[in-house]
Amino acid sequence: MSTLEIKRHFKADPATVFAYVTQGEHLMKWWGPEGVHITENALDLSAPGPWFSVMENGEGARYKVSGEVTKVDPDKAVEFSWGWHDDDDVRGHESTVRFEVSAAADGGTDFVMIHSGLEDDTSAENHNGGWSSSFNKLAKLAG
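All values derive from a computational prediction rather than experimental measurement. (Residues numbered from 1 in each chain as written. Predicted model: local features only at pLDDT ≥ 70, side-chain atom pairs only at ≥ 80, totals over all residues. Heavy atoms only, no water.)

Enquirer: I'm lost on the environment of Asp87 in this one. Help?
Expert: Mapping Asp87 onto the fold places it in the loop between strand S5 (77–85) and strand S6 (91–103). A relative accessible area of 83% means that Asp87 is categorised as exposed. Asp87 sits 37 residues away from Ala124 along the chain, and the two C-alpha atoms are 21 Å apart. (Helix = DSSP H or I, 4+ residues; strand = E, 2+ residues; numbered from the N terminus. Buried < 20%, exposed > 50% of the residue type's maximum accessible area, 1.4 Å probe, protein only.)

Structure representation (structure tokens):
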């Protein structure tokens, strides 16, 4: 199993960043790598419960991922399970994603994403590309 950790700093305050990474209306503005759009979703990471999203790239390829929000510590952290679906909509290997936000000395936010339980280093590398691209979009919102 492999773990991926990505750290970012945003100019926005922690409460704002937490809203961006948990609330559906904000998630839709950055969720998914650049060049991908969300065609279907039940995206709300602000409270325990199920979630899913279907991403589509420019060539029309569709990718479904789903999980369960398992922990919410308001304005600090959210944790949820993560599993990709195959072409028959069968959910595969489950891993865990955690977003953590904390106040930075400059009044902004230190953000950490930990994606654990990935199958192997190749999976971690692939997820690094997707998450990094998504967080580039988030940076446009949160500074």
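Enquirer: Explain the packing of helix H1 (residues 14–22) against helix H3 (residues 121–142) to me, please; I cannot follow it from the model alone.
Expert: Look at H1 against H3: their axes get within 11 Å of each other, and the N-to-C directions meet at 140°. Looking at the two axes, H1 sits oblique to H3. The hand of the H1/H3 crossing is right-handed. Facing Val17, Tyr20 and Val21 of H1, the residues of H3 in contact are Leu138, Leu141 and Ala142. (Axes fitted to C-alpha atoms, helices over the stretch in contact; angles between N-to-C directions. Parallel < 35°, antiparallel > 145°, perpendicular 65-115°, else oblique. Left-handed = near helix turned anticlockwise from the far one by under 90°. Contact = heavy atoms within 4.5 Å.)

Enquirer: Is there a simple way to think about the sheet that holds strand S1 (residues 2–10) in this case?
Expert: Either a parallel or an antiparallel arrangement is found when strands of a sheet pair, and the pairing is made through backbone hydrogen bonds. Spatially, the seven strands line up as an open sheet ordered S1-S7-S6-S5-S4-S3-S2, and their pairing is antiparallel. Edge strands, defined here as strands with exactly one partner in the open sheet, are S1 and strand S2 (37–42). Averaged over neighbouring strand pairs, the angle between their axes works out to 20° when direction is ignored. Bridge count between strand S4 (residues 62–73) and S5: six bridges; the pairing is antiparallel. In the sheet register, Val69 faces S5, and the bridge partner there is Phe80. H1 rests against S1, S4, S5, S6 and strand S7 (109–118) of the sheet, and its axis sits at about 165° to S6. Across the sheet, H3 is in contact with S1, S5, S6 and S7; its angle to S1 comes to roughly 15°. (Pairing = 2+ DSSP bridges.)

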